[in-house]
Amino acid sequence: MKTLKDKVVVITGAGSGIGRALAVHAAGEGALVAISDVNEAGLAETVALAKDAGAVDVHSAKLDVADRPAFLAYADEVARYFGRVNVIVNNAGVTMTGDFEDMTLEEFDWIMGINVDGVITGTKAFLPHLIASGDGHVVNISSIFGLFSVPGQSAYNASKYAVRGFTEALREEMLVAKHPVGVTCVHPGGIRTGIVRNGRTTAHEDADALNAAFEKLGRMDPAKAAKIIWGAVRKDQARLLVGLDAHALHNLTKFAGSRYQDVFALGKKLVLPGNR
């Protein structure tokens with residue numbers, strides 16, 4: 001895919017953060033965008049920003065990606081509305097912070113339903129349309145936590161590793177089948193979004209301290225991240241790390257091997273004293 005102009009681009013979780021930035025950037029390049037989110041107020045703001053950026057057409061809908069029947073119906077609606085779909089960006093995601101021993105199975109299921117099942121459903125629903133378009137692309141947003149693990153993020157790690165494994169296998173299948181569909185797995189580092197502020201924690205975690213720590217680390221503007229991501233789509237890049245921190249930490253874990261786990265375990269005690 002060399003250009004977004006006149007392409008139909010579907011983005012989940014577009015009510016804020018990276019999803020919003022991706023939608024606004026795509027609109028500015030002449031794409032027709034379909035955006036969704038559970039946050040209707042945030043979604044309305046994104047619609048206005050996309051139109052200000054020059055959007056030719058914007059389709060918006062409230063959507064919980066964990067609701068599979070609703071997601072499948074939404075995909076049919078978007079396909080009927082535009083008559084085709086070129087890109088699906090499975091961006092919607094949440095955090096669940098806390099040690100696994102303190103977490104309920106319901107809390108674990110909640111994050112997996114959104115971060116994993118949402119990606120799988122979105123890909124399954126739109127893939128036939130991407131293939132039929134003759135110039136399609138799947139963009140699945142994982143995380144740097146899909147490349148290495150940290151204490152207190154067992155649920156989030158599990159979900160983002162799953163996204164990575166699924167996406168990489170899907171890309172291989174598209175190559176084997178010779179389908180005209182590119183596939184990119186994105187691993188953002190510290191992007192300035194509200195994902196931690198809007199996430200959930202176990203009872204033993206200090207949510208305010210976690211959000212404060214993340215705000216110090218989340219330095220990159222989402223608009224810059226969006227520009228990098230769309231650049232990777234045009235290059236049909238298989239894996240994309242976004243941010244110097246993502247590259248540095250990925251290289252550290254590769255160099256240290258499994259010993260990085262010992263370092264990160266010590267680091268939690270030193271850097272996040274609010275956690276037990």
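Residues numbered from 1 in each chain as written. Predicted model: local features only at pLDDT ≥ 70, side-chain atom pairs only at ≥ 80, totals over all residues. Heavy atoms only, no water.

Let us look at the confidence of the model for the chain. On average, residues of the chain score 91 in pLDDT, and 89% of them reach the 70 mark or higher. Throughout residues 269–276 the model reports pLDDT below 50, and contacts reaching past four residues in sequence, or to other chains, amount to 14 contacts. (pLDDT = per-residue confidence, 0-100. Contact = heavy atoms within 4.5 Å.)

Phi angles above zero are rare outside glycine, and Lys178 is one such case at about 60°. Here Lys178 is to be found in the loop between helix H5 (154–177) and strand E7 (181–188). With phi around 50°, Asp236 is a residue other than glycine that occupies positive phi space. Position of Asp236 relative to the elements: it lies in the loop between helix H7 (222–234) and strand E9 (239–242). (Helix = DSSP H or I, 4+ residues; strand = E, 2+ residues; numbered from the N terminus.)

With 34 residues, the main nonpolar core has Ile11, Ile229 and Trp230 as its most contacted residues. Contributing elements (two or more residues each) for this core: strand E1 (8–11), helix H1 (17–28), strand E2 (32–37), helix H2 (40–52), strand E4 (87–90), strand E6 (136–141), H7 and E9. Not counting chain neighbours up to four residues away, the residues in contact with Ile11 comprise Gly19, Leu22, Ala23, Ala34, Ile35, Ser36, Val89, Asn91 and Trp230. Of all hydrophobic cores here, the second largest spans 32 residues; its members include Tyr74, Ile114, Leu127 and Val183. (Core = buried A, V, L, I, M, F, W, Y, C linked by side-chain atoms within 4.5 Å. Buried < 20%, exposed > 50% of the residue type's maximum accessible area, 1.4 Å probe, protein only.)

As a further point, take H5. For H5, with 24 residues, the first-to-last C-alpha span of 34 Å sits near the 34 Å given by 1.5 Å per residue. For H5, the full list of buried residues reads Ala155, Tyr156, Asn157, Ser159, Lys160, Val163, Thr167, Leu170 and Met174. Buried residues belonging to H5 abut strand E5 (96–97), helix H4 (105–133), E6 and E7. (Expected span 1.5 Å × (residues − 1).)

Two elements in contact, H4 and H5, have axes separated by 8 Å at closest approach and are oriented at 15°. By the criterion of interaxial angle, the relationship of H4 to H5 is roughly parallel. Every pair of crossing elements has a handedness; the one defined by H4 and H5 is right-handed. Mapping the contact onto sequence places Phe108, Ile111, Met112, Asn115, Val116, Val119, Ile120, Thr123 and Leu127 in H4 and Ser154, Ala155, Tyr156, Ala158, Ser159, Lys160, Ala162, Val163, Phe166, Leu170 and Met174 in H5. For the contact of H4 with H5, the class distribution of residues is 15 nonpolar, 4 polar and 1 charged. (Axes fitted to C-alpha atoms, helices over the stretch in contact; angles between N-to-C directions. Parallel < 35°, antiparallel > 145°, perpendicular 65-115°, else oblique. Left-handed = near helix turned anticlockwise from the far one by under 90°. Nonpolar A, V, L, I, M, F, W, Y, C, P; charged D, E, K, R; others polar.)

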